[in-house]
Amino acid sequence: MTNIRWGLIGATFIARDWMISAFRNTGGTVASVLSSSPERARDFAALKHIPLGTTDMDELLSGDIDAVYISTTNELHVPQALAAIKAGKHVLCEKPLALDYAGAKEMVEAAKNAGVVFATNHHLRNSGTHLAMREAIAAGRIGRPLFAKVAHARYLPEFLQGWRLTNREKGAGVILDITTHDVDSLRFLLGDNPKSVLCMTQTGTLAKGDVEDGAMTLIEFESGLVAHTHDAFTTKYAPTSLEIHGTEGSLIGTDCMTQDPIGEVLLRTEAGEEKLSIDRGNLYERGLRAFNEAVAGTGKPAASGDDGLWSLATGLAAVQSGRSGARVPVAV
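Residues numbered from 1 in each chain as written. Predicted model: local features only at pLDDT ≥ 70, side-chain atom pairs only at ≥ 80, totals over all residues. Heavy atoms only, no water.

J.: What is the right way to read the nonpolar core from this model?
T.: If you look at soluble globular proteins, the nonpolar side chains tend to sit buried side by side. Core analysis: the biggest nonpolar cluster contains 75 residues, and Leu-8 and Ile-244 have the highest contact counts within it. When residues no more than four places from it in sequence are discounted, the contact partners of Leu-8 are Ala-15, Ile-20, Phe-23, Val-30, Ser-32, Val-33, Leu-34, Phe-44, Ile-50, Leu-60 and Tyr-69. If you look at the next biggest cluster of nonpolar residues, it comprises 26 residues, including Val-68, Ile-70, Val-108 and Leu-309. (Core = buried A, V, L, I, M, F, W, Y, C linked by side-chain atoms within 4.5 Å. Buried < 20%, exposed > 50% of the residue type's maximum accessible area, 1.4 Å probe, protein only. Contact = heavy atoms within 4.5 Å.)

Structural data, given as structure tokens:
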């Protein structure tokens, strides 16, 4: 099934700037959009040529749609996803799936019980750089992975400098916003799960109160690999990178923690240096093709609900560690 009819739950920038074109370019149709504001729903629908803009969840779910894309603030994900699942709709949900593990687990299990597809929009695992690194690791080209480093610090654009910097009740802070992506990327590359987290945070450059706008995290994985992540909303000129270092070689990805299909990957081994071939396809479109296949029963989502549970649990452990200063186990 490629002609999926989508309902958008959230008239958001990511839907506007990234997802709508990806839905349409993969054979889908955007049939409706929901917003808490009647004016925003109307204007968004007109701007993106969507037939229906509404504030009524029942109206959206009773319409001719097959799936919903949820990109609202984080505290709304659980009730919105549960309503969509009850209506028999497939769900693609932004991360973090929820503000607590129990709520996220409830909606993932509800989708399984209802027989609908539930996916987490962890777009980075669809990047050509990540796919090339995963293939090299699986082929044993760096031996046994020992260490990983992720640099994912950036500057939060002014138009996003709202609740992400101030409102814990909506899931503010760099950890749930960015570190969760790092965790998913590492799980995807390594085929390994986080075991415990030690995190130190920074606040006050942009964020207010106790909300962290920068974090450095050490993550111990079940295999014994140790990863370091650096995430921030406050660095205007920092490049992004992802490195995996093993017993027989190293993979060094540059400009690769981004929505754009850019970046390079260098493999270093005893034989010398090799630049890996990169597929420059659109990250979101690749993820949606996998979602379409899952709906058709011929594949599975690029990132499942269970993948979203792992990234959330690790993010929550990092938040707890940043507040307490203690090492915190990842509870899944």
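J.: For this particular structure, what's the right way to read unusual backbone geometry?
T.: Excluding glycine, residues mostly have negative phi values, and the peptide bonds linking residues are mostly trans. Cis peptide bonds are those with omega within 30 degrees of zero, and the linkage from Lys-95 to Pro-96 qualifies with -15 degrees. Tracing the chain through its elements places Pro-96 in the loop between β5 (90-93) and α5 (101-114). Not every positive phi belongs to a glycine, and His-49 is a case in point at roughly 55 degrees. Residue placement: His-49 occurs in the loop between α2 (38-47) and β3 (52-54). Phi angles above zero are rare outside glycine, and Asp-255 is one such case at about 55 degrees. Relative to the elements of secondary structure, Asp-255 occurs in the loop between β12 (249-254) and β13 (264-269). Residue classification places Asp-255 among the partly exposed residues on the basis of a relative accessible area of 40%. (Helix = DSSP H or I, 4+ residues; strand = E, 2+ residues; numbered from the N terminus.)

J.: I keep staring at the pattern of salt bridges and nothing clicks. Help me out?
T.: When their charged atoms lie close together, side chains carrying opposite charge are able to pair. Tallied over the entire structure, the rule returns 20 salt bridges. Among the salt bridges present, the one from Arg-125 reaches Asp-307, with a minimum N-O distance of 3.5 Å. Of this pair, Arg-125 sits in the loop between β6 (118-120) and α6 (128-138) while Asp-307 sits in helix α9 (residues 305-324); the two residues are 182 residues apart in sequence, bridging distant segments of the chain. Summarising the burial analysis for this pair, Arg-125 and Asp-307 share the class buried. (Salt bridge = Lys/Arg side-chain N within 4 Å of Asp/Glu carboxyl O.)

J.: What is the right way to read the side chain of Thr-72 from this model?
T.: Position of Thr-72 among the secondary structure elements: in the loop between β4 (67-70) and α4 (77-86). Residue Thr-72 is classed as buried on the basis of its relative accessible area of 16%. A polar atom in the side chain of Thr-72 sits 2.6 Å from the side chain of Gln-80. Once residues lying within four places of it in the same chain are set aside, the contact partners of Thr-72 are Ile-9, Gly-10, His-77 and Gln-80. (Polar contact = N/O pair within 3.5 Å; in protein donor to acceptor, adjacent residues only side chain to side chain.)

J.: Could you clarify how one ought to interpret the packing of helix α7 (residues 174-190) against α9 in this entry?
T.: Packed helix pairs are specified by the crossing angle of their axes together with the interaxial distance, meaning the distance between the axes. It is the contact of α7 with α9, at a shortest axis distance of 8 Å, that shows an interaxial angle of 125 degrees. Overall, the two elements α7 and α9 adopt an arrangement that is oblique. α7 and α9 meet at a crossing whose hand is right-handed. Contacts between α7 and α9 involve Ile-175, Leu-176, Thr-180, Val-183, Asp-184 and Arg-187 from the first element and Asp-307, Trp-310, Ser-311, Leu-312, Thr-314, Gly-315, Leu-316, Ala-318 and Val-319 from the second. (Axes fitted to C-alpha atoms, helices over the stretch in contact; angles between N-to-C directions. Parallel < 35°, antiparallel > 145°, perpendicular 65-115°, else oblique. Left-handed = near helix turned anticlockwise from the far one by under 90°.)

J.: Explain the environment of Lys-236 to me, please; I cannot follow it from the model alone.
T.: Relative to the elements of secondary structure, Lys-236 occurs in the loop between β10 (226-232) and β11 (241-246). With a relative accessible area of 54%, Lys-236 lands in the exposed category.

J.: How should I be thinking about the environment of Arg-286 in this particular structure?
T.: Relative to the helices and strands, Arg-286 is located in helix α8 (residues 283-296). Expressed as a C-alpha distance, the spacing of Arg-286 and Leu-76, which sit 210 residues apart in the sequence, is 26 Å. Arg-286 has contacts with Asn-126, Ser-127, Gly-128, Leu-131, Asp-279 and Gly-281, leaving out every residue within four places of it along the chain.

J.: Looking at this structure, I do not really get α4. What am I missing?
T.: Given 3.6 residues per helical turn, the α-helix brings residues three or four places apart onto the same face. Within α4, the full set of buried residues consists of His-77, Val-78, Gln-80, Ala-81, Ala-84 and Ile-85. For α4, the buried positions fall inside an angular range of 165 degrees around the axis, keeping them on one side. (Arc of directions from axis to C-beta.)

J.: For this particular structure, what's the right way to read the packing of aromatic side chains?
T.: Within a pair of aromatic rings, the relevant descriptors are the distance that separates the centres and the angle that separates the planes. As enumerated under the stated definition, the model contains five aromatic pairs in all. A ring pair is formed by Trp-6 and Phe-23, whose centres lie 4.4 Å apart and whose planes are at 25 degrees; its orientation type is stacked. Placement of the pair is Trp-6 in strand β1 (residues 5-9) and Phe-23 in helix α1 (residues 13-25), with a sequence separation of 17 residues. Each member of the pair Trp-6 and Phe-23 is classed as buried. On the numbers, 5.6 Å between centres and 45 degrees between planes, the contact of Trp-18 with Tyr-284 is tilted. With Trp-18 in helix α1 and Tyr-284 in helix α8, this pair connects stretches of sequence that are 266 residues apart. A relative accessible area of 3% places Tyr-284 in the buried class. Through pairs of rings, three or more aromatic residues link up here, namely Trp-6, Phe-23, Tyr-69 and Phe-291. (Phe/Tyr/Trp six-rings, centres within 6.5 Å; stacked < 30°, edge-to-face > 60°.)

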